[in-house]
Amino acid sequence: MSETPRIVITGFMGAGKTTVARELARALASPFISLDEAVAEIERRGPRALIDEEGEDYFREAETRALRRALADESARVIDTGGGAWTLERNRRLVAEHGCLAVWLDAPFELCWRRIESERGGEPRPLAREREAARRLFEERLASYRLAPLRVRVTEGRSAAQLAARIVSAASAK
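Residues numbered from 1 in each chain as written. Predicted model: local features only at pLDDT ≥ 70, side-chain atom pairs only at ≥ 80, totals over all residues. Heavy atoms only, no water.

Enquirer: Could you clarify how one ought to interpret the overall build of the protein in this entry?
Expert: Along the backbone of the protein there are 8 helices and 5 strands. Helices (α) and strands (β) of the protein occur, in sequence order from the N terminus, as β-α-β-α-α-α-β-α-β-α-α-β-α. Taken against the 2.2 N^0.38 rule, which gives 16 Å for 174 residues, the C-alpha radius of gyration of the protein at 15 Å falls within 12% of a compact globule. Burial analysis of the protein (174 residues in total) assigns 48% to the buried set. In the protein, 74% of the contacts between residues at least 6 apart in sequence involve partners at least 24 apart. Accessible area for the protein stands at about 8500 Å²; split by element, carbon and sulfur atoms hold 49% of it. Taking the 30 positively charged and 28 negatively charged side chains of the protein as two groups, their mean positions are separated by 4 Å. (Helix = DSSP H or I, 4+ residues; strand = E, 2+ residues; numbered from the N terminus. Rg over C-alpha atoms; globule rule 2.2 N^0.38 Å. Buried < 20%, exposed > 50% of the residue type's maximum accessible area, 1.4 Å probe, protein only. Contact = heavy atoms within 4.5 Å. Areas by Shrake-Rupley, 256 points an atom, 1.4 Å probe, with all protein chains shown as cover. Lys, Arg positive; Asp, Glu negative; His and termini not counted. Charge placed at Lys NZ, Arg CZ, Asp CG, Glu CD.)

Enquirer: How should I be thinking about the packing of helix 2 (residues 35-43) against helix 4 (residues 56-72) in this particular structure?
Expert: Look at helix 2 against helix 4: their axes get within 9 Å of each other, and the N-to-C directions meet at 105°. As judged from the angle between their axes, helix 2 and helix 4 are roughly perpendicular. Here Leu35, Asp36, Ala38, Val39, Glu41, Ile42 and Glu43 of helix 2 lie close against helix 4, whose contacting residues are Tyr58, Phe59, Ala62, Glu63, Arg65, Ala66, Leu67 and Arg69. (Axes fitted to C-alpha atoms, helices over the stretch in contact; angles between N-to-C directions. Parallel < 35°, antiparallel > 145°, perpendicular 65-115°, else oblique.)

Enquirer: Looking at this structure, how should I read the sheet that holds strand 5 (residues 150-153)?
Expert: Two strands in a sheet stick together by hydrogen bonds in their backbones, pointing the same way (parallel) or opposite ways (antiparallel). One open sheet holds the 5 strands; their spatial order is 2-3-1-4-5, and the pairing between them is parallel. The outermost strands of the open sheet, each flanked by one partner alone, are strand 2 (32-34) and strand 5. Here the strands of the sheet are splayed against their neighbours by 20° on average, with no regard to which way each runs. Direction of pairing for strand 2 relative to strand 3 (residues 78-80): parallel, over a ladder of 3 bridges. Of the residues in strand 3, the one forming a bridge with isoleucine 33 is isoleucine 79. Running at roughly 170° to strand 3, helix 1 (residues 17-27) makes contact with strand 1 (7-10), strand 2, strand 3 and strand 4 (101-106) of the sheet. (Pairing = 2+ DSSP bridges.)

Following this line, the structure appears as structure tokens:
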């Protein structure tokens, strides 16, 4: 069995990217990087503040810089991206150039929206403040997500540990 490649997790907001990435990193006994946290560290502001204050284009540039930096840190075997990072060709190219396996957490919109709604006590997600706008964004991003080499279906009944085990199994076979 060959070494598991570095893994980049993508999918829509609410799909469980960070939760699964944490579980995956635990399973692989490896550090992981949350791209949103990396952006916040570099920019001294989180994604919402960047989008609200500078615009989404600025945020996407910051996200690419953070991804480049995360990929240079080879100690982290798992990187979870924001929902829009994978939609940019430049980011998909960076992931491929570093030999990472991109994994799409394919969660249905209704599940994602329930999870987004359950977070409403906290800071609302800047690109999901309204259901129909979020649904349109979900639909727009599907074509990009489908470009990920590994698709893992997310359902209400599958735990993060089960999803991580599925990813480890598939990645080990690559």
